[in-house]
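Breakdown of the fold
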Amino acid sequence: MSSIGFVLVAIIISAASGLPVALSGGASRRGQAISALMLVAAGVVGLVGVLPVFASAATSSLALPWGLPSGAFAVGLDALSGIFLVPIFIIPALGAVYGLGYWHPADRPEDGRRLGLSYGLLVAGMALVAIARDGLLFLVAWELMALASWFAATAEAGKSEVRRAGWVYLVATHVGTLVLFAMFALWKATAGSFALERNLAIQPEAAGAIFVLALIGFGLKAGLVPLHVWLPGAHANAPSHVSAVMSGVMIKLGIYGILRMTSLMPTPDQWWGWTLFALGGVSALAGIAWATGQGDIKRVLAYSSVENMGIIAMGAGLALVGKSLGRPSLILLGMGGALFHVWNHSLFKSLLFLDAGLVIHETGTRRLERMGGLAKRLPLAAALFGLGAAALSALPPLNGFAGEWMLYLGFFRGVTAGPGRGLPVAALGAALLATVGALAVAAFVRLFGAVFLGAARSAPNDDHEAPNVSLATPDNGLAAHGKGKAGGSARLAMLAPMVALGLACIVLGFAPGLVLPAIGDAAGTWANLREGGRNLVGLADFSWSLPLGLALVGVVTLLLLYFSFAARGARKPGRGTWDCGFAAPTSRMQYGASSFGEFLGRNLSFVRVTRRKSRRPRGAFPAPGFYSSKTPDPVLDLSIRPLAAFAGRSIARMRILHQGQTQIYLIYVLLATVILLIAGVAPS
Amino acid sequence: MIDTIVRFLLLLAFPPIMLGIVNRVKSVFAGRKGPPILQTWRDIAKLARKGLVVSSTTTWVFLAGPAVSLATVLIAGSLVPYGPFRSPFGFTGDVILFAYLFGLARFFTTSAALDTGSAFEGMGASREVTFAFLTEPALFLALLTLARLSGSLDLNGILLGPAGGFSSATAAPLVLVALALGIVVLAECSRIPVDDPNTHLELTMIHEVMVLDHSGPLFGVITWAASIKFFVLSTILLHVLLPMSSGNAAIDWLIFVAGLVAVSVGVGVIESIMARFRMRRVPWFLTGALLCSGSAFVLLVR
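This structure is a prediction, so every number in the text was calculated from the model and none was measured.

**Observations concerning the overall build of chain B**
Broken down by element type, chain B carries eleven helices and zero strands. Taken from N to C terminus, the helices and strands of chain B fall in the order α-α-α-α-α-α-α-α-α-α-α. For 302 residues, the compact-globule estimate of 2.2 N^0.38 gives 19 Å, and chain B sits close to it at 19 Å. Dimensions of chain B, computed from the C-alpha atoms along their principal axes, are close to 60 × 40 × 40 Å. Scored against the burial criterion, the 302 residues of chain B give a buried share of 63%. Within chain B, counting contacts between residues at least 6 apart in sequence, those at least 24 apart form 79% of the total. Element-wise, carbon and sulfur atoms account for 67% of the exposed surface of chain B, whose accessible area totals about 10,600 Å². Each charge sign in chain B was given a centre, from 20 positive and 16 negative side chains, and these centres are 7 Å apart.

**Considerations on the confidence of the model for chain A**
Mean pLDDT over chain A works out to 89, with 94% of the residues at or above the 70 mark. For residues 460–484 of chain A, every residue scores under 50 in pLDDT, and the model assigns this stretch 46 contacts once sequence neighbours within four places are set aside.

**Notes on helix H21 (residues 532–539) of chain A**
Residue and element names in this part refer to chain A. Gly532, Gly533, Leu536 and Leu539 are the residues of H21 that are buried. Here the buried residues of H21 occupy an arc of 125° about the axis, which is enough to place them on one side. Of the exposed residues in H21, the ones pointing more than 90 degrees away from its buried face are Arg534 and Gly538. Lining the buried residues of H21 we find helix H14 (328–363), helix H17 (399–417) and helix H20 (516–527).

**With respect to the interface of chain B and chain A**
Taken residue by residue, the interface counts 72 residues in chain B and 72 residues in chain A. When the two sides are added together, the surface that chain B and chain A hide from each other amounts to roughly 6,200 Å², 77% of it contributed by carbon and sulfur. Of all residues in chain B, Tyr100, Phe107 and Phe133 of chain B give up the largest surface area on contact with chain A, accounting jointly for 13% of the area buried on that side. Counting across the chain B and chain A interface gives zero salt bridges. Where chain B touches chain A, the interface holds twelve residue pairs in polar contact (both at pLDDT 80 or more). Examining the composition of the side of chain B that touches chain A, we find that 20 residues originate from one element, helix H5 (residues 119–150) of chain B, more than from any other. Considering only residue class, the side of chain B that touches chain A consists of 45 nonpolar, 19 polar and eight charged.

**Quick look at the pattern of salt bridges**
All names here are of chain A. Per the stated rule, a full pass over the model turns up 15 salt bridges over all chains. Note that Arg260 and Asp78 form a salt bridge whose closest N and O atoms lie 3.0 Å from each other. In this pair, Arg260 sits in helix H11 (residues 252–264) while Asp78 sits in the loop between strand E2 (73–77) and helix H4 (79–102), placing the two residues 182 residues apart along the sequence. Taking relative accessible area as the criterion, Arg260 reaches 5% and is therefore assigned buried. On the basis of relative accessible area, Asp78 is assigned to the buried category, the value being 8%. In this structure, the salt-bridge partner of Arg491 is Glu362, at a minimum N-O distance of 3.1 Å.

**Structural notes on the packing of helix H3 (residues 60–79) of chain B against helix H9 (residues 216–241) of chain B**
Residues and elements named next belong to chain B. Across the interface, H3 lies against H9 with an axial gap of 9 Å and an inter-helix angle of 30°. When the axes of H3 and H9 are compared, the pair comes out roughly parallel. Taken as a pair, H3 and H9 cross one another with a handedness that is left-handed. Contact residues: Phe62, Leu63, Pro66, Ser69, Leu70, Val73, Leu74, Ala76 and Gly77 in H3; Leu218, Val221, Ile222, Trp224, Ala225, Ile228, Lys229 and Val232 in H9. For the contact of H3 with H9, a count of residues per class yields 14 nonpolar, two polar and one charged.

**Side note on a nonpolar patch on the surface**
On the surface, Met654, Ile656, Leu657, Tyr665, Ile667, Tyr668, Leu671 and Ile675 of chain A cluster together into a nonpolar patch covering about 780 Å² of accessible area. Position of Leu671 of chain A relative to the elements: it lies in helix H25 (residues 662–681).

**Overview of the state of the cysteines**
Evaluation of the coordinates by the stated rule reveals zero disulfides over all chains. A disulfide-free cysteine, Cys189 of chain B has its sulfur positioned 18 Å from the sulfur of Cys292 of chain B, the nearest such atom.

**Quick look at the side chain of Asp154 of chain B**
Residue and element names in this part refer to chain B. Topologically, Asp154 is positioned in the loop between H5 and helix H6 (155–160). For Asp154, which is buried and forms no salt bridge, the nearest opposite charge comes from Arg86, at a distance of 4.7 Å. Looking at Asp154, its side chain comes within polar contact range of the side chain of Ser152, at 2.8 Å.

**Focus: the side chain of Ser293 of chain B**
Residues and elements named next belong to chain B. In this fold, Ser293 is placed in helix H11 (residues 282–301). A polar side-chain atom of Ser293 sits 3.1 Å from the main-chain carbonyl oxygen of Ala138. If we ignore the near neighbours within four places in the chain, the residues touching Ser293 are Ala138, Leu141, Ala142, Thr145 and Ala180.

**Notes on the packing of aromatic side chains**
Aromatic rings considered in pairs are described by the distance between their centres and by the relative angle of their planes. Residues and elements named next belong to chain B. The final tally for this structure, using the stated rule, is 41 aromatic pairs over all chains. Centroid distance Trp41 to Trp224: 5.9 Å. Interplanar angle 50°. Geometry classified as tilted. You can see Trp41 sitting in helix H2 (residues 39–49) and its partner Trp224 sitting in helix H9, a full 183 residues away along the chain. On the basis of relative accessible area, Trp224 is assigned to the buried category, the value being 19%.

**What about the packing of H4 of chain A against helix H19 (residues 488–510) of chain A?**
All names here are of chain A. It is the contact of H4 with H19, at a shortest axis distance of 6 Å, that shows an interaxial angle of 155°. Compared by their axis directions, H4 and H19 come out roughly antiparallel. In this structure, H4 meets H19 at a crossing whose hand is left-handed. Together, Ile91, Leu94, Val97, Tyr98, Leu100, Gly101 and Tyr102 of H4 and Ala490, Ala493, Met494, Pro497, Met498 and Leu501 of H19 make up the contact between the two elements. Tallied by class, residues from the contact of H4 with H19 come to twelve nonpolar, one polar and no charged.

**Thoughts on unusual backbone geometry**
The peptide bond linking Pro396 of chain A to Pro397 of chain A adopts the cis configuration, its omega dihedral lying at 0°. Inspection of the secondary structure assignment puts Pro397 of chain A in the loop between helix H16 (379–392) and H17. Residue Pro193 of chain B follows Ile192 of chain B across a cis peptide bond; omega there is 10°. Within the secondary structure, Pro193 of chain B sits in the loop between helix H7 (171–188) and helix H8 (207–210). Although it is not a glycine, Glu531 of chain A sits at a positive phi angle of roughly 60°. Within the fold, Glu531 of chain A resides in the loop between H20 and H21. Positive phi is not limited to glycine here, since Ser190 of chain B has a value of about 55°. Mapped onto the secondary structure, Ser190 of chain B falls in the loop between H7 and H8.

Conventions adopted
Residues numbered from 1 in each chain as written. Chains lettered and ligands numbered in written order. Predicted model: local features only at pLDDT ≥ 70, side-chain atom pairs only at ≥ 80, totals over all residues. Heavy atoms only, no water. Helix = DSSP H or I, 4+ residues; strand = E, 2+ residues; numbered from the N terminus. Rg over C-alpha atoms; globule rule 2.2 N^0.38 Å. Buried < 20%, exposed > 50% of the residue type's maximum accessible area, 1.4 Å probe, protein only. Contact = heavy atoms within 4.5 Å. Areas by Shrake-Rupley, 256 points an atom, 1.4 Å probe, with all protein chains shown as cover. Lys, Arg positive; Asp, Glu negative; His and termini not counted. Charge placed at Lys NZ, Arg CZ, Asp CG, Glu CD. pLDDT = per-residue confidence, 0-100. Arc of directions from axis to C-beta. Buried area = accessible area lost by both parts, 1.4 Å probe. Salt bridge = Lys/Arg side-chain N within 4 Å of Asp/Glu carboxyl O. Polar contact = N/O pair within 3.5 Å; in protein donor to acceptor, adjacent residues only side chain to side chain. Nonpolar A, V, L, I, M, F, W, Y, C, P; charged D, E, K, R; others polar. Axes fitted to C-alpha atoms, helices over the stretch in contact; angles between N-to-C directions. Parallel < 35°, antiparallel > 145°, perpendicular 65-115°, else oblique. Left-handed = near helix turned anticlockwise from the far one by under 90°. Patch = residues over 30% accessible without salt bridge, like charges linked within 9 Å, V, L, I, M, F, W, Y side chains within 5 Å. Disulfide = S-S within 2.5 Å. Phe/Tyr/Trp six-rings, centres within 6.5 Å; stacked < 30°, edge-to-face > 60°.

Encoded structure:
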């Protein structure tokens, strides 16, 4: 069987993987287990099909008969598709295994059926998007992916918060699809067919219009600011393994769409690259700045996805500029960095979402202000979260750094060896990436600290704790089991996929050279350059990464051994933290997520809006004081919602015309006809 | 070979002496006799012999803070060239690794601070990460300017400059780069006017407040690592301020050490004649560094 055949089989297995859940009524453990097994099998089959694409430059394609009047069932597999297919076949399979521990089917059979069916279809839709080589087929797959992800994300539709977020997502994704309709129509009009093949006959004006439409339509899915409005809500309210798939895999297909379309068109004008780069830069900076203010563990992760998509777009923008200038080193380093970051982000962001799910499962809340000190209860989860957070903050020697290192190398190379043009992109890119990196450290230290470090903020033995604030208040129905309910096997099912993802982050960080040829081939495929893999290996020499990683780990391990030896017996119960002489500190006096983000917010006020409410204790007999802060989304909460409310109010005024009687509507029809007649007659 | 050995001896032994010089300069200004130059080394040795108290709130993260900060500064220190002596480990793109190693250290020191659950240490961590996002782009733009000047992508090439030395036409950008780097050194090494290592009030500190709970060997390692960071960043600054090479190894080493002493004296003088900025003024100062290095870049490529 050819490569593409394996992929198609994997798609069919994935699509069918919801059936065992649905047929068993949604409440059976066994149905869920069979479904997970099918997804793992689909992943293995799919990878068997995909991986050979990187070894040989050959592409594999297939055209099947299809009943629709125009369009064709044309699918193909090349290195660019392959880069995106690898996470599609890995992450959802791991997520399904995780779901065995996370999602108890017996509790909610209806939701379980919905989730099981849509999860499998989502995987199938995503894989089909990545291999579709025909405009109409692409749109069908795209819609399948969008709708399946909507059903999966709103699996807990019983909650109003979920329904609200789902509504925004549904509107956003269909606006995107509508724009893609326009884009493919234009493609058909200029290229002559829906076939997604390299077409150099496209006029520059049409190509520019297609690029702008692709940027909007695909940018909505990728979550580039200001088109990210649906992303935080949908990712925060979906079940955690669905968040992992959406954030880790699905939104990347927005990037894939942009890359696929730009690879098919003739040499781009410089403004294409500039625009994509600027959108990416804004997304990266705004996404991470907004992440520093969120009080919900999953919203922080969602906003950081906006940031990471921005970084990917910056790399792709650099590659586009390189393509217009005819500089292969910029193309390979920019696109290579972007594609490597696609993989890296899918690994550490899924890890973090799955870990967040475990935390929510344990504590029964998503609110950071109620967490703290979980590192003692969940040591492995804490270590994995720290690993994922460090990888996401692009810290050496992990995979996030390896990816961004390539991007920096591209930017530096643009600065040192460039003729004047394209240089501002490079210089701005390096400075922006540095700022974003520092802010990522800030956002993730805040998150890691608020969730896992210090003391539990609402421990039962805390005297000063108000009785009505306790861990038992479930913000998320999943945790209705209460805290710590996850038994041994459930805990194992949740932890095993996380360990696998964490190991992958380490391996790709220590030895990025393993995957560099594949990434280079994909970058070469995108730009129609030969020997992309070999050239990229020449440009980005990773021989330092393994010695560096070993040196770091070695020195740190030695020091930790020494410290543990020196500190043996020093950590006694009752030896609390020294709070500068204050005798009775409580866990509520710790720096929490909002206090940690407060100083940041004051210095980020150029991009982040923070609403604060507080009452200080005053006078001799002070009333209880309070402080709360909120970071609304400037696009959704401060622009679109007020505008929509205003439009709604204005339109409501027209309600006077609606009397609900058929006769009156018939009179309107008559009036309209008369007016049209007059209008039609008047000029003559 | 000898040069490499000298490099490592200097990296390990000299940094605490620089702190001793700073303190001596400050005492001279204040009219005191002052501690011996080797006092920091004595403190470290004393701390290493002491026992320690560890809060029961903490986990392994608390221990990882000092461990990672020492490991990262040692590696960063072995990547930069000292005076005309090249680093034996240089590679294309090491300049990015260099900057991100400090990010790695920051991740773990601030996490270790939050691990204690103390409000003061949380406050210090919050300030540390906030100021970092202002200094990082300044540092990167400064390095980018130097990379543009030298046409090189590795620290050896970037810091040693173009083959024939910097041309006089690039004097203006270089002055601005030196200013930016100077501010970065003061901020990253927690010196006045950004942070006051000797204040008695925890509320006003950044770096020192983050390590309140570390004691004994942990604190000794932190002190040592902080001094090495000062040494490494001063080395970078020296490449811009004192780009000379006599050709004779012994003289070059002397020039290099004299330069480090001069930077320490300079920092001591600044600390003696300036007060610490109010916390909300610090970001302006750091933005100044960003403006300097940004302008330097613009001047260079205009």
